[in-house]
Structure formats: C-alpha cells, structure tokens
Amino acid sequence: MILRVVLIALLILILLFIISFGVAYRHTEPAYPAMYRAGFWEYGKAPSIYEWLIKRLMDVSISFVALVVLSPVLLVIMLLIYIDDPGRVFFTQERVGLGKKNFSLHKFRTMKLNTPHDVPTHMLEDPDQYITKLGRFLRRTSLDELPQIWDIFRGRMSIVGPRPALWNQYDLIEERDKYGANYVMPGLTGLAQISGRDELAIEEKARLDGEYTKAMKTKSTTGFCMDLRCFFGTILPVLRGKGVVEGKKTYE
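Scope of this entry: the structure provided in the associated data block. Note that the structure is a prediction, hence the values are computed from the model and not measured.

## Considerations on the packing of helix H8 (residues 202-218) against helix H9 (residues 220-240)
Two numbers describe how H8 lies on H9: the axes approach to 6 Å, and their chain directions differ by 140°. As far as their axial angle goes, H9 and H8 are oblique. Residue-level contacts link Glu211, Tyr212, Ala215, Met216 and Thr218 of H8 to Thr222, Gly223, Met226, Asp227, Arg229 and Cys230 of H9.

Below, the structure written as structure tokens:
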C-alpha cells in the first residue's frame, strides 16, 4: 500500500515536470530569447545557451511546481494578512528588470496601507510604525517574497540574479551599469543577498552583482555553478533572518 502511494506521488511529480517544461518552452520561444539577446547585444555580449534557455527552463519548471505545492501555504498567508490588517493582501512595486525595463514586482503586504510606496524599508525613519504584526514575521522569514514565484513563472525574474532595484534607486542602477549587471535577469536571491543583503553599501552590492554577471557571461558551467552557490547559500541566512535592516542606515 505504501509503495503504491509513493509510486503515485512520483508519477504526479513527473507529470507536473512534463507540464512545466511544456509551459517553459512556450514562454521561452520567441519572446524570452529576443528580450535576452536585446539586452546582451546592447552590452556587447551574446547570452550563453544556459542563460537564455536552460536557466529559463529551470526557472519555469521549479516555479510551476512551487506554485502548485505551496498553494495551500500561500492561501493561509493571504487569509492571515487580511485578518491581521484588512485590505489588499498583495503589494506591487515598480522595479527595474532586464535591460532596465521596468516591471511590477509582487510581494505579500507586510506594512500598513498608509506606508510610503516607493521607499526601501531600510530608508524609512521609523519603519516600526508601518510594519504589521504578521508582517514582521513574514519579513524575518522572507515569506513575504513568495509571490515573486509568479513573477519568475511569467519571465520577469529568475530564481537567482541581482535583486531588482526600485525604479528610483538611481545610485544603484548607475553603479550596476559599470559592471553590466542591469543586463542579466533580476532574481529572487543573488550573490549580494548571501553576502549581507541590506547591510551592504550600494557600491558593494553593485560590485557583487557585477561578479555574478561576470560568471554568467563567462560560460555555461561557470554560470550554473554560480547559481548553485547563490541558491544553496540563501538557505541559512534566510533561516537566521540575517542581513535584514529595518530603518534608515547610513554608510561611511
């Protein structure tokens, strides 16, 4: 009986992966390569097969399965957010995507409705007055980022890549331009996130994003190894809530 249940579960997972790969192919040709090539040719470097195809297939496959498997968790969080602070459960914000093209990024709402919209939390004078009770937990555990799985599935983001800057973070965007880091797909986590997150100065964030970009542009195996490093390097800092800064921070 147990063996039968295990086999059925495996068949369902295999079916989900087959469906997700089919969806991935549909979302990859022709729009995704065209967008990716446009950005890279503008910077002067064509993308590798890993960047525009294999990485995208992995992104869509993993995000599709995650949306299915985590749907009960997502629904529970949505309900708790509404109970804690009635209002919309999602927070959308204009961010800078591939090739400096803006897109709408999604998060679970962790702050009150009267919070300034386009200001990073660590730049607020007193963020405690805005963060909800549940929001504090969601931010510490990074559960507020889960809706970005949808952004990954739609092709606006990748699982791994430089965190998308706010449209008005001109200093960060300008620093990233020095390294070509605005021409790789932004991600849910990246090299800067496993190296300090909000604790890093703008220049250091951009430098690390540039290091990630360089790895992506070297060759497919180097890019894949960098993604693995960032993915598995994210787990421990997230569990510890390490690197999250709430409130204005001044860098020397």
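## Details of empty space enclosed by the protein
The final tally for this structure, using the stated rule, is 2 cavities of 30 Å³ or more. Its volume calculated, the largest cavity comes out at about 60 Å³. Taken together, the residues that form the lining of the largest cavity break down as 7 nonpolar, 2 polar and 1 charged. Taken as a whole, the second largest cavity spans an internal volume of roughly 40 Å³. Surrounding the second largest cavity, Ile81, Asp84, Asp85, Arg109, Thr110, Met111, Thr132, Leu134, Gly135 and Leu138 form its lining. Considering every element that reaches the lining of the second largest cavity, the biggest residue donor is helix H5 (residues 133-141), with 3 residues. Residues belonging to the lining of the second largest cavity are distributed by class as follows: 4 nonpolar, 3 polar and 3 charged.

## Comments concerning the packing of aromatic side chains
With the rule as written, the count across this model stands at 6 aromatic pairs. For the ring pair Tyr50 and Phe224, a centre distance of 5.9 Å and an interplane angle of 80° mean the geometry is edge-to-face. Note that Tyr50 is positioned in helix H3 (residues 49-69) and Phe224 in helix H9, a separation of 174 residues in sequence. Classification of Phe224 as partly exposed rests on a relative accessible area of 34%. Between Trp150 and Phe153, the ring centres sit 5.8 Å apart and the planes meet at 25°, which makes this aromatic pair stacked. With Trp150 and Phe153 both in helix H6 (residues 148-154) and 3 residues apart, this pair spans about one turn of that helix. The class of Phe153 is buried, set by a relative accessible area of 10%.

## Examining the environment of Trp150
Trp150 sits in the partly exposed class, given a relative accessible area of 39%. The spatial distance from the C-alpha of Trp150 to the C-alpha of Ser63 is 7.2 Å, given a sequence separation of 87 residues.

## Considerations on the pattern of salt bridges
Tallied over the full model, the rule gives 10 salt bridges. With its nearest N and O atoms 3.6 Å apart, the salt bridge here joins Glu145 to Lys107. With a gap of 38 residues between them, Glu145 in the loop between H5 and H6 and Lys107 in strand S2 (residues 102-108) connect regions that are remote in the sequence. Of the two residues, Glu145 and Lys107, neither departs from the other in class, the shared state being buried. A salt bridge links Glu211 to Arg207; the nearest nitrogen and oxygen atoms lie 3.6 Å apart. One end of the pair is Glu211 and the other is Arg207, both in helix H8 and 4 residues apart, which spans about a single turn.

## Describing the pairing of S2
By the criterion of burial, S2 is predominantly enclosed, with 5 of the 7 residues buried. Bridging between strand S1 (residues 90-96) and S2 involves 7 bridges; their strand directions are antiparallel. Within S2, the position partnered with Thr92 by the bridge is His106.

## Remarks on the nonpolar core
Of all hydrophobic cores here, the largest spans 17 residues; its most connected members are Leu191, Tyr212, Met216, Met226 and Cys230. It is H8 that provides the largest number of residues to this core, a total of 4 residues. The residues touching Cys230, leaving out its near neighbours within four places in the chain, are Val160, Thr189, Gly190, Leu191, Ile194 and Tyr212. Membership of the second largest hydrophobic core comes to 10 residues, among which are Ile81, Val89, Phe108 and Leu146.

Thresholds, definitions, all that
- Residues numbered from 1 in each chain as written.
- Predicted model: local features only at pLDDT ≥ 70, side-chain atom pairs only at ≥ 80, totals over all residues.
- Heavy atoms only, no water.
- Axes fitted to C-alpha atoms, helices over the stretch in contact; angles between N-to-C directions.
- Helix = DSSP H or I, 4+ residues; strand = E, 2+ residues; numbered from the N terminus.
- Parallel < 35°, antiparallel > 145°, perpendicular 65-115°, else oblique.
- Contact = heavy atoms within 4.5 Å.
- 1 Å grid on protein atoms, 1.4 Å probe; cavity = no way out; pocket = protein on both sides within 12 Å on 5 of 7 lines; lining within 4 Å.
- Points joined across faces, edges and corners; volume = space filled by probe spheres on them.
- Nonpolar A, V, L, I, M, F, W, Y, C, P; charged D, E, K, R; others polar.
- Phe/Tyr/Trp six-rings, centres within 6.5 Å; stacked < 30°, edge-to-face > 60°.
- Buried < 20%, exposed > 50% of the residue type's maximum accessible area, 1.4 Å probe, protein only.
- Salt bridge = Lys/Arg side-chain N within 4 Å of Asp/Glu carboxyl O.
- Pairing = 2+ DSSP bridges.
- Core = buried A, V, L, I, M, F, W, Y, C linked by side-chain atoms within 4.5 Å.

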